[in-house]
Amino acid sequence: MVHVEILPDSQGLQAERVNIVTNISSHAGVGPLKELEGHIAAGAIHDSDERCDAPKCQPETRVAVQDDLYDWILNGDRASESEHPKKIKWVTGPAGCGKTAIMGSVAGRCAANGVLGATFFFASWSASRGRRRKTAFVTTIASQLAEYREDLKDAISNAIEKNPSVFKKNLHVQMEILVLAPLRDVAPQSDRPQLRGAIIVDGVDECEAEQYHDGSRVNPPPTRTDDQDQLEILQVLQAASSDPFFPFRVLIASRPERVFRNFFDPQNTPTPFAHKLDLHEDYNADNDITLFFEVQFNRIRRQYNFPPSWPPPGTIQILVENASGQFIYAATVMRLLQTARRDPPEALLKAILATGATLKITSNPLEQIDALYTHILESSPDPLLSVQWIRSIKNLNVLLSSYALGVNLLLQTDPGSNEAEHLLGNLHSLIRIPPPSDQATTQYDFYHKSLFDFLQDPTRCGNQQKLYVEKNEIEVFMWDRFVQACMRGCNTQVSFSDSFLKFLLNVPRTVGFSWAIQHSKTHSTSASAAWWVSLAITHKVDKNIWWIFRDAHVSVRTVLNLFQIMD
């Protein structure tokens, strides 16, 4: 403890109140809450800037399900909670049924009424690592709870001050130190209103496994699987909800994957959960989807000055039937009509209706969205190459947080061409493509994860569609384009920006091309290999140059021998 004398020479000093703040610093001179802020996934919070374009429920749609969830947050399951409150509710349904939109709308409603404790929206497509992994989950929840009430803020701040290493602990320990212990500290304060509210966690099925071991070891331990980390998150929330001082109700939204079905199975857990809410089985979304189509068609009709008779009678009914309860189908159809550049909406609508009419009636709700994705992708001049671009963009976004301009320079074969616009120009209903003026600072983005479920399933996009590309083939494609970019780089007539050069340096050691190097028919030249190595040395790459060079240029034996001598 530091001893501080305050005004030692003063006489006759009178003061009505003196406040002395003692917890003004923490590790490295940073305040506890500021340090906490450095360990959160800000983009995962419901009203973050990263979620500015997140799906939202159309006004007057999904009202019943939102009301039911909000009522449960406030009152629980009235009939069965007299003595043992059930604090966790699972919201589930297939891809595209609107889970994230509903969770976002409920979060907004709770926030407006002062009953939102915290939110976390996982997203496997996000360039933000924190939204894809579990690492920042508890810290992000704690950070929001610190803003929920002043006394909780002080308790969380004190907890960090007493436990500065908490950010290196596992999720269970973090939940105990950052959330449960502070809640116990503030509970005895009878002069404050009782804490209550919601913690909303969406997309847990999109959480990717965190790896802790060096994969380059000869005998590395088994890698963690996604469902192991997803289960850990569920168990942490379950343990928290069992604490008598935990006042919040927790909404967990996910697809009905096996780990979630097993976890929420009443026969597998001693902790009673609230009755699950299945969006596909418990609610008929047809009326809401009908209203959505009506509103969107009205907008298009006004925009293009179409007559009141458009769309033709029966159109909306057919589209609602095609949607099979999937809002993603409805949203994609309307985006296609609103963003099309080459075909008028009338022609596109006829093509969509014709596509749906060729399908047999089946119990598979994915058939219509698959047909729609196929139709859109086939509008590209080279559908298969477009798929390779799309999947490469996703890989680069996840691994390197790549801006659109860098991706274009890497993947296009001719630096003077506009291959990106040529291939992707008709795909704006699937991809958020930044305008040219923003591409140096903005990423490509995708509207829905279901696009990649489609592209990575040979039974859905293979066969007659012929849009399926093996994962290894994508790796080879990216390697080939990387080698070609290096060949252009050693050409004195080509000038790359410094930001792209740094991006190019990180591609081989981040993406990993071990399989592609063995199977690619594209080989780097000695000049391009030497150019890349010189670039790595100039920019002082923080990995061992020999290791990177060996992995990236195993085919260039002469230069390898030189580096072996240096090693």
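Residues numbered from 1 in each chain as written. Predicted model: local features only at pLDDT ≥ 70, side-chain atom pairs only at ≥ 80, totals over all residues. Heavy atoms only, no water.

Draft legend 1. Representation of the overall build of the protein chain within the structure. Across its full length, the protein chain holds 26 helices and seven strands. Residues counted as buried form 50% of the 567 residues belonging to the protein chain. Sequence separation of at least 24 residues holds for 75% of the intrachain contacts in the protein chain that already meet a minimum separation of 6. For the protein chain, the exposed surface amounts to about 28,500 Å²; the carbon and sulfur share of it is 50%. (Helix = DSSP H or I, 4+ residues; strand = E, 2+ residues; numbered from the N terminus. Buried < 20%, exposed > 50% of the residue type's maximum accessible area, 1.4 Å probe, protein only. Contact = heavy atoms within 4.5 Å. Areas by Shrake-Rupley, 256 points an atom, 1.4 Å probe, with all protein chains shown as cover.)

Draft legend 2. Expanded view of the pairing of strand β4 (residues 248-254). With respect to burial, β4 is a largely interior element, seven of its seven residues being buried. Going residue by residue along β4, you find F248, V250, I252 and S254 tucked away on one face and R249, L251 and A253 tucked away on the opposite face as well. Strand direction decides the pairing type here: strand β3 (residues 197-202) and β4, joined by six bridges, are parallel. For D202, the partnering residue across the bridge sits in β4 and is A253. (Pairing = 2+ DSSP bridges.)

Draft legend 3. Molecular detail of the packing of helix α13 (residues 327-339) against helix α15 (residues 366-377). Direction vectors running N to C along α13 and α15 enclose 25 degrees, while the axes themselves pass 10 Å from each other. One element, α13, and the other, α15, form an angle in the roughly parallel class. Crossing geometry of α13 relative to α15 is assigned as left-handed. Only Q368, I369, L372, Y373, H375 and I376 of α15 make contact with α13, whose side of the interface consists of I328, Y329, T332, V333 and L336. Of the residues that constitute the contact of α13 with α15, the class distribution is eight nonpolar, three polar and no charged. (Axes fitted to C-alpha atoms, helices over the stretch in contact; angles between N-to-C directions. Parallel < 35°, antiparallel > 145°, perpendicular 65-115°, else oblique. Left-handed = near helix turned anticlockwise from the far one by under 90°. Nonpolar A, V, L, I, M, F, W, Y, C, P; charged D, E, K, R; others polar.)

Draft legend 4. Quick peek at the sheet that holds β4. Spatially, five strands are ordered β2-β3-β4-β1-β5 in an open sheet, and the strand pairing comes out parallel. The open sheet has two free edges, formed respectively by β2 (116-121) and β5 (277-278), since each of these has just one partner strand.

Draft legend 5. Representation of the nonpolar core. Within the largest apolar cluster, 82 residues are counted, with the highest numbers of intra-cluster contacts made by F293, I390, L410 and L424. Take this core: its biggest share by element is nine residues, from helix α21 (residues 471-489). Not counting residues within four places of it along the chain, the set of residues in contact with L410 comprises L396, R481, F482, A485, R488, F500, F503, L504 and V507. (Core = buried A, V, L, I, M, F, W, Y, C linked by side-chain atoms within 4.5 Å.)

Draft legend 6. Just unusual backbone geometry, in detail. Of note, the bond from W310 into P311 is cis; its omega dihedral lies within 30 degrees of zero at 0 degrees. By the secondary structure assignment, P311 is in the loop between α11 (286-304) and α12 (315-323). For R62, which is not glycine, the phi dihedral falls at a positive 55 degrees. Tracing the backbone through its elements, the reader meets R62 in the loop between α1 (32-37) and α2 (63-75). Even without being a glycine, N305 presents a positive backbone phi close to 60 degrees. Within the secondary structure, N305 sits in the loop between α11 and α12. For N305, a relative accessible area of 69% translates into the label exposed.

Draft legend 7. View of the side chain of E475. On the secondary structure map, E475 appears in helix α21. The side chain of E475 sits in the buried core without any salt bridge; K471 is the nearest counter-charge, 6.9 Å away. There is a polar contact of 2.9 Å between the side chain of E475 and the backbone nitrogen of A516. Ignoring sequence-local partners within four residues, the contact set of E475 consists of G512, F513, S514, W515 and A516. (Lys, Arg positive; Asp, Glu negative; His and termini not counted. Salt bridge = Lys/Arg side-chain N within 4 Å of Asp/Glu carboxyl O. Polar contact = N/O pair within 3.5 Å; in protein donor to acceptor, adjacent residues only side chain to side chain.)

Draft legend 8. Region of interest: the pattern of salt bridges. Evaluated as defined, the whole model comprises 22 salt bridges. E208 serves as the salt-bridge partner of R132, at 3.6 Å between the closest nitrogen and oxygen. Taken together, the residues R132 in helix α4 (residues 129-132) and E208 in the loop between β3 and α8 (226-242) connect sequence positions 76 residues apart. As far as the burial class goes, R132 and E208 line up, both buried. Because the salt bridges share partners, they merge into one network encompassing R129, R132, R133, E208 and E210.

Draft legend 9. Structural detail: the side chain of T92. With respect to the element layout, T92 can be found in strand β1 (residues 88-92). In this structure T92 comes out as buried when scored by relative accessible area, which is 1%. A polar contact of 3.0 Å, which involves the side chain of T92, links it to the backbone oxygen of S254. Beyond its immediate stretch of four places on either side in the chain, T92 contacts K99, S254, R255, P256, L277, D278 and L279.

Draft legend 10. Spatial organisation of the confidence of the model for the protein chain. For the protein chain, the average pLDDT comes to 84, and 84% of its residues sit at 70 or higher. Confidence drops under pLDDT 50 across residues 1-8; counting only partners more than four residues distant or on other chains, this segment forms two contacts. (pLDDT = per-residue confidence, 0-100.)

Draft legend 11. Looking closely at the environment of I40. As for its placement among the helices and strands, I40 is situated in the loop between α1 and α2. With 97 residues separating them in the primary sequence, I40 and F137 have C-alpha atoms 7.4 Å apart. Setting aside residues up to four positions removed in sequence, I40 forms contacts with A136, T139, T140 and S143.

Draft legend 12. Representation of the environment of E210 within the structure. You can see E210 is positioned in the loop between β3 and α8. Spatially, the C-alpha atom of E210 lies 7.6 Å from that of T135, the residues being 75 residues apart in sequence. Apart from residues no more than four positions distant in its own chain, E210 is found in contact with R129, R133, K134, T135, R224 and D229. Polar contacts involving the side chain of E210 include one to the side chain of R133, which spans 3.2 Å. Among the polar contacts listed, one links the side chain of E210 to the side chain of T135, at a separation of 2.5 Å.

Draft legend 13. Region of the structure containing α13. With 13 residues, α13 extends 18 Å from end C-alpha to end C-alpha; this agrees with the ideal 18 Å at 1.5 Å per step. Burial analysis of α13 places ten of its 13 residues in the buried class, which makes it a mostly covered element. Those residues of α13 that fall on the buried side of the exposure criterion are F327, I328, Y329, A330, T332, V333, M334, R335, L336 and L337. (Expected span 1.5 Å × (residues − 1).)

Draft legend 14. Examining the packing of α11 against α13 more closely. Relative to each other, α11 and α13 sit at 5 degrees, their axes nearing to 10 Å. Between α11 and α13, the angle falls in the class roughly parallel. In contact with D288, I289, F292, F293, Q296, F297, I300 and Y304 of α11, α13 contributes F327, A330, A331, V333, M334, L337 and Q338. Split by residue class, the contact of α11 with α13 holds twelve nonpolar, two polar and one charged.

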